[in-house]
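So the chains spell out like this:
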Amino acid sequence: MLELSAAAGEIDLKYVDESGFCAWSEPSYSYYFRGQQKRLEQSKRRGRRLSIIGFLQPLISFVYGLVIGGVSRKSYIQMMELEASVAQKSGRIRVICHLKDKVAVFKG
């Protein structure tokens, strides 16, 4: 129903999701000389986690924010407030669908 309203231009429908990435990953394979023991050297510093929170309006826009570490409640609320202020200025109804564990939770 929401997708039909968005297709008709009645509302702005956006999807929001958050994901995190680690700059360091464990090597899955390596090369070694025949007769020598396999060694996997790892760096001592693994780096910090990089997280992204993004708002997707299919075929129209993608707005995102990057955070070192995890996305905190404060960061999430700041992004939601930014979306709310843009919606208020445009005067259009904006529905944000929060994607979580492959289940959509609708928020207005």
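Keep in mind the model is a prediction, meaning the values are calculated, not measured. Starting from 1, residues in each chain are numbered consecutively following that chain's sequence as written. With pLDDT at 70 or above as the cut-off, local features in this predicted model cover only qualifying residues; side-chain atom pairs require 80 or more to be listed or tallied, and sums for whole chains, interfaces and linings still use all residues. Derived side-chain values reflect all non-hydrogen atoms in the structure, with water molecules and hydrogen atoms excluded from consideration.

Concerning the pairing of strand β2 (residues 49–57)
A strand pair is defined by DSSP finding two or more bridges across the two strands. Only runs of H or I of at least four residues qualify as helices and only runs of E of at least two qualify as strands under DSSP, and these elements are numbered from the N terminus. Sheet topology note: the strand β1 (residues 12–22)/β2 ladder contains 8 bridges and is antiparallel. By the bridge assignment, Cys22 is partnered in β2 with Arg49. Where β2 lies against strand β3 (residues 61–68), 8 bridges are found, and the strand directions are antiparallel. Among the inter-strand pairings, Leu56 is bridged to a residue of β3, identified as Phe62. Here β2 hands over to β3 after 3 residues, with Leu59 in that stretch at a positive phi of 65°.

What to know about a nonpolar patch on the surface
Together, Phe21, Leu50, Leu56, Phe62, Tyr64, Leu66 and Ile68 give the surface a local cluster of nonpolar side chains, amounting to about 700 Å² of exposed area. Looking at the nonpolar patch, the elements that each hand over two or more residues are β2 and β3. Ranked by the residues each element gives to the nonpolar patch, the list is headed by β3, at 4 residues. Within the secondary structure, Phe21 sits in strand β1. Exposed residues in this analysis have more than 50% of their type's maximum accessible area, buried residues have under 20%, and partly exposed residues fall in between, with area computed by a 1.4 Å probe over protein chains only. Judged by its relative accessible area of 44%, Phe21 is partly exposed. Distance thresholds for patches are 9 Å for like charges and 5 Å for nonpolar side chains (Val, Leu, Ile, Met, Phe, Trp, Tyr), applied to residues having over 30% relative accessible area and no salt bridge. Reported accessibility uses the Shrake-Rupley method at a 1.4 Å probe radius. Residues are deemed covered only where the shown protein chains occlude them. Whenever Lys or Arg places a side-chain nitrogen within 4 Å of a carboxyl oxygen from Asp or Glu, that contact is recorded as a salt bridge.

Quick word on the confidence of the model for the chain
Scored from 0 to 100, pLDDT records how confident the predictor is in each individual residue. Within the chain, residue pLDDT values average 80, and 74% of them lie at 70 or more. When the elements of the chain are averaged for pLDDT, strand β5 (residues 103–107) gives the smallest value, 43, and β3 the largest, 90.

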